[in-house]
Amino acid sequence: MKKIKINLDKCLGCKACEIACAREHASSENLADAAKENPKPKSRIKIQRGIRIRNEEERRAPFGESKKKLPKKAVYALRCRHCSSPRCVDACITGALRKDKEGVVIHEADKCVGCWMCIMACPYGAIKRDPASKIILKCDFCLGRYTPACVEACKTDAIVVVEVDDSSGILVEEVVEEIG
Ligand code: SF4
Ligand code: SF4
């Protein structure tokens with residue numbers, strides 16, 4: 001199973017992945033024309049800043065204490081993890097979200113009614129509202145590509161594709177390193 005893995009130490013926050021994602025989902029074939037589209041093409045990935053938590057001890061530390069001595073600032077790309085048991089799929093009332101045989105959580109726009117149940121259910125905040133279409137936007141793993149556009153655009157290997165043998169599809173590093 002393919003997964004996108006984030007290397008927290010390598011992200012510069014340059015947003016090349018965001019631009020590449022928006023371009024990939026635009027109607028136009030080149031960046032210049034895509035930038036002129038109305039509404040503007042939108043990225044499914046978002047660069048965030050947060051506090052880095054490395055282990056369970058840090059996670060449980062009282063907030064004041066963790067602010068003083070534990071945290072290290074991190075920049076990272078927030079994106080859908082295509083969870084092995086996706087809560088967004090369970091929450092979707094219309095069947096607009098489903099997991100395909102490759103493990104990708106797919107959104108079928110024509111079935112979406114914009115109720116936002118999936119947004120509330122996703123523990124990672126990985127789903128966006130699209131004000132223009134009034135439905136959601138989420139990562140589709142750039143269907144039809146082996147390497148997603150965000151991965152291709154990242155010049156520091158902060159976002160990479162890895163093959164995961166574990167049928168759970170969970171990367172240990174993700175559980176430990178990413179920030180809620
Ligand atoms: S949208 Fe959230 S819950 Fe759904 S698969 Fe992605 S990360 Fe998991
Ligand atoms: S917003 Fe769309 S995809 Fe999300 S739960 Fe509602 S119908 Fe399903």
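Now for a look at the structure at hand. The shown structure was predicted, so the numbers you read here are calculated from the model rather than taken from an experiment.

**Focus: the overall build of the protein chain**
Part 1: When helices and strands are counted, the protein chain shows 8 helices and 8 strands.
Part 2: In the protein chain, which comprises 180 residues, the share counted as buried stands at 43%.
Part 3: Looking at the protein chain alone, contacts between residues at least 24 apart form 62% of all its contacts between residues at least 6 apart.
Part 4: Counting every atom, the protein chain has about 10,500 Å² of accessible surface; 53% of that belongs to carbon and sulfur.

**Remarks on the site of ligand 2**
Part 1: Residues in contact with ligand 2 amount to 13 residues; listed here are only the nearest, C92, C112, C115, W116 and C118.
Part 2: Residues of the shell around ligand 2, tallied by class, amount to 10 nonpolar, 3 polar and no charged.

**Section: the site of ligand 1**
Part 1: In the vicinity of ligand 1, 13 residues are found, and the nearest of them are C80, R81, C83, C88 and C122.
Part 2: For the shell around ligand 1, a count of residues per class yields 9 nonpolar, 1 polar and 3 charged.

**So, the nonpolar core**
What tends to happen in soluble globular proteins is that the nonpolar side chains get buried as a cluster.
Part 1: Judged by nonpolar contacts, the single largest core of 21 residues is most densely connected at I45, C150 and I159.
Part 2: Listed by contribution, the elements that provide at least two residues to this core are strand 1 (2–6), helix 1 (16–24), strand 3 (72–78) and helix 7 (149–153).
Part 3: With 5 residues, the single largest contributor to this core is strand 3.
Part 4: When near neighbours in sequence (up to four residues on either side) are disregarded, I159 contacts I4, K5, I6, C17, I45, A77, C150, V151 and C154.

**Focus: the state of the cysteines**
One covalent bond between the sulfur atoms of two cysteine residues makes up a disulfide.
Part 1: Following the criterion strictly, the structure yields 0 disulfides and no others.
Part 2: C14 takes part in no disulfide bond, and the closest cysteine sulfur, belonging to C17, lies 6.4 Å away.
Part 3: Relative accessible area serves as the criterion here: at 6%, C17 is assigned to the buried category.

**Side note on a nonpolar patch on the surface**
Part 1: Taken together, the side chains of I93, V113, M117 and M120 make up a nonpolar region of the molecular surface, amounting to roughly 430 Å² of accessible area.
Part 2: Locating M117 in the fold gives a position in helix 6 (residues 117–121).
Part 3: With relative accessibility at 37%, the residue M117 sits in the partly exposed group.

**Some words on the environment of S27**
Part 1: Assignment of secondary structure puts S27 in the loop between helix 1 and helix 2 (31–36).
Part 2: A relative accessible area of 70% means that S27 is categorised as exposed.
Part 3: Remark: the alpha-carbon pair of S27 and P41, spanning 14 residues in sequence, is separated by 8.1 Å.

**Some remarks on the pattern of salt bridges**
Part 1: With the rule as written, the count across this model stands at 6 salt bridges.
Part 2: Residue D130 is joined to K42 by a salt bridge in which the shortest nitrogen-to-oxygen separation is 3.1 Å. Of the two residues, D130 is situated in strand 6 (residues 128–130) and K42 in the loop between helix 2 and strand 2 (46–52); the sequence distance between them amounts to 88 residues.
Part 3: Residue classification places D130 among the buried residues on the basis of a relative accessible area of 9%.
Part 4: Judged by relative accessible area, K42 falls into the partly exposed class, the value being 27%.
Part 5: With a closest N to O distance of 2.8 Å, R98 and E108 form a salt bridge. A residue pair is termed long-range when its members are at least 10 positions apart, and R98 in strand 4 (residues 97–99) and E108 in the loop between strand 5 (105–107) and helix 6 qualify at 10 residues.
Part 6: Of the residues examined, R98 reaches a relative accessible area of 36% and is grouped as partly exposed.
Part 7: Overlapping salt bridges, with partners in common, bring together E24, R145 and E152 in one network.

What counts, and at which threshold
- Residues numbered from 1 in each chain as written.
- Chains lettered and ligands numbered in written order.
- Predicted model: local features only at pLDDT ≥ 70, side-chain atom pairs only at ≥ 80, totals over all residues.
- Heavy atoms only, no water.
- Helix = DSSP H or I, 4+ residues; strand = E, 2+ residues; numbered from the N terminus.
- Buried < 20%, exposed > 50% of the residue type's maximum accessible area, 1.4 Å probe, protein only.
- Contact = heavy atoms within 4.5 Å.
- Areas by Shrake-Rupley, 256 points an atom, 1.4 Å probe, with all protein chains shown as cover.
- Near = heavy atom within 4 Å.
- Nonpolar A, V, L, I, M, F, W, Y, C, P; charged D, E, K, R; others polar.
- Core = buried A, V, L, I, M, F, W, Y, C linked by side-chain atoms within 4.5 Å.
- Disulfide = S-S within 2.5 Å.
- Patch = residues over 30% accessible without salt bridge, like charges linked within 9 Å, V, L, I, M, F, W, Y side chains within 5 Å.
- Salt bridge = Lys/Arg side-chain N within 4 Å of Asp/Glu carboxyl O.

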